[in-house]
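# Structural features, examined
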Amino acid sequence: MRLGIDYEKIGLKVGLEIHQQLDTSAKLFCNCKPELFREEPELTFLRSLRPTQSELGQVDPAAYFEFQKGVRILYEATTTTSCLVEMDEEPPHPLNMEAVEIALRSGLMMNAKPVDEIHVMRKTVIDGSNTTGFQRTCVIALNGDVKVGEKLVPIQHVSLEEDAARKMGQEGEIIRYRIDRLGIPLVEVATAPVINSPKEAKEVALAIGRVLRATGKVKRGLGTIRQDLNISIPNGALMEIKGVQELELVSLAVEYEVQRQLSLIKISEELKKNGIEENGVKEEFFDVTDVFKQTKCKVIRKTLEKNQQVLAVKLPKFKGFLKRELMPDFRLGTEMADRARFWGRVGGIFHTDELPAYGITTEEVEKLKKAVKAEEHDAIVLVADKPENTEDALRAVVERAREAIKGVPQETRTSNPDGTTHYMRPRPGAARMYPETDIPPIRITEQYLKHVGSHLPEMPEQKLERLMKEYGLNKKLTKQISDSERSELFEAIVKESQVSPTTVAVFLTETLKALKRDGVQVDNVSEKRIREIFMSINSEELTKEAIPDIISWLSKHENKSVKEAISSLGLEVLSKKELEKIVDKAIRASKKLIEERGINAFGVLMGIIMKEVRGRANAGSVSELIRKKLEQ
Ligand SMILES: [Zn+2]
């Protein structure tokens, strides 16, 4: 436990929302391929953001703000991965029943009760990630549970929804999205907020992920599973963290968020004790461009060359608080910079807790203090940019400073690759949903339920036990193979070849992982080829030691056979006669050594010979032969 925090004692509550892409043959509401494209887009189209008012009359403030700024969305597409449905030019087709079945099966495996009728709903999403301005979603099953260790974690609902378009970048007022991902079916599993520690959060995510993978119908690889977390502690705030892509980061994200909130609570208490009130932070901005006329600070000089300005604001009694660390390498000042970047589109901020620095001198800081009439315990924040941007940025800084006095602001944050998070947008109100009138409800009949429920896949624990018993693998290896996407391949190979289960399992987990780490594109080698490799070992045309070289070669020659790999690499297994010749030669060359050490020369000989025949002879047959010869 980091910092020795007793999470139970501080009252941490975490709920998870797992989003897993399904491996279906078509998208959720059309027949397009559920795949991402890597090439250049075939077509693009430009749309404006429409901050539509939902039924409850709420407008997402962040979306409205972007709309005001004239933000437009450039959508990129190819014709195999999207059609008129994704472009919102044609109504959605009926719900993909293959996806319904997988979601239903997942729900049943988590003891959830299927709904009588599936109703597709629209959830307002106005950041441009959906061309329609909403995301379609439907509840499939309710009130389940998943067992994690000794605890039964309640599952609130299992839903089916369409994935959103993926953001590719932003250039000025144009945001680029690819609609290939839009409409890929996702199953969403939401737990009750009953998780009490970072470690438990990870375990629950892992357990749910295992059940979903057990359906055998989910996509694999980075970006195909995304975890959203909602985290709260008493006196803090309910925080939503979106898009944690790696399991390892789930516990870290919780740890950091607790750390962040505890620090913010402490800052708030201290600020209050110092007698500063929210209305004491004023939206009073000072044009301090003149202070930096001769500056050596590159960022500011560049702005001034473009005739832009430097604007400053005073934060009374904030001195020292902006450099307070909230997460590793992340301070209250960083939090203000995030806000300034988001609302003001500036590159960042400068503040007096870190000055003089960046080419800004002590003399300039003194002038700055005078210009804004700052007293000893005040902090100053400044931004250099276009006048309208600097004002928006400082307004956001002032708001964040006022929130710092109050406590922890409710936010939606996004996960960074290191487990820390950054500001994404203010937290919207409760999910705004209304019925999707283009799609009729679907009844779940007894008969259909019976059909789906009659062949539920093996649960992860059962599978683990069975694999261990049936194949005599150790626990660690069983876990690895059972969790891997190649567990079916493992069973197929073991059944058709005489190769030992341990050898196959080690290859499918550790060896492939190691090869991948070395840059071999192991995913280019099909399961069919891998089975061929083991059949060749079975018929003694190939040695186990040669497998890595064969895989590496096949990854670069996708349509070639294992036989071709063997002959191209010169890895044909030596005949008994050829091997005997090599052994005899080595024994003759080491005659003196053998006379001195007798049978103890074995190890040295083995090393010499294996070096020569690696990949062309089994270590077993070599050692047998050497022993026989030495005994003679
Ligand atoms: Zn389509």
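Fair warning: this is a prediction, and the values are worked out from it, not measured in the lab. (Residues numbered from 1 in each chain as written. Predicted model: local features only at pLDDT ≥ 70, side-chain atom pairs only at ≥ 80, totals over all residues. Heavy atoms only, no water.)

Another point: the coordination of the zinc ion. Surrounding the zinc ion are the protein donor atoms Cys30 (SG), Cys32 (SG), Cys83 (SG), Glu86 (OE) and Glu86 (OE), at 2.2 to 2.7 Å. Sequence positions of the donors to the zinc ion reduce to the motif C-x1-C-x50-C-x2-E. Within this pair, whereas Cys30 is found in the loop between strand S1 (13-21) and strand S2 (43-48), its partner Cys83 is found in the loop between strand S3 (72-77) and helix H3 (97-109), the two being separated by 53 residues in sequence. (Donors = N, O, S within 2.8 Å, 3.2 Å for Na, K, Ca; no water. Helix = DSSP H or I, 4+ residues; strand = E, 2+ residues; numbered from the N terminus.)

Under the 1.5 Å per step criterion, the end-to-end length of helix H4 (residues 198-214) is 25 Å for 17 residues, consistent within 8% with the ideal 24 Å. Within the sequence span of H4, burial applies to Pro198, Glu200, Ala201, Val204, Ala205, Ala207, Ile208, Gly209, Val211 and Leu212. Looking one or two residues past H4, Gly216 carries a phi angle of roughly 75°, positive in sign. (Expected span 1.5 Å × (residues − 1). Buried < 20%, exposed > 50% of the residue type's maximum accessible area, 1.4 Å probe, protein only.)

This brings us to the side chain of Ser484. Relative to the elements of secondary structure, Ser484 occurs in the loop between helix H12 (475-483) and helix H13 (487-496). A relative accessible area of 16% means that Ser484 is categorised as buried. At 3.0 Å, the side chain of Ser484 and the backbone nitrogen of Arg486 are in polar contact. (Polar contact = N/O pair within 3.5 Å; in protein donor to acceptor, adjacent residues only side chain to side chain.)

Here the focus is the sheet that holds S2. Adjacent strands of a sheet form backbone hydrogen bonds with each other and so pair up, either parallel or antiparallel. Sheet architecture is open: 4 strands sit in the order S2-S3-S10-S9, paired in mixed fashion. Both edges of this open sheet fall to S2 and strand S9 (166-171), since each of them pairs with a single strand only. Ignoring which end each strand starts from, the neighbouring axes of this sheet average 25° apart. Judged from the 5 bridges that link them, S9 and strand S10 (residues 174-178) form a sheet pairing that is antiparallel. In the sheet register, Glu171 faces S10, and the bridge partner there is Ile174. (Pairing = 2+ DSSP bridges. Axes fitted to C-alpha atoms, helices over the stretch in contact; angles between N-to-C directions.)

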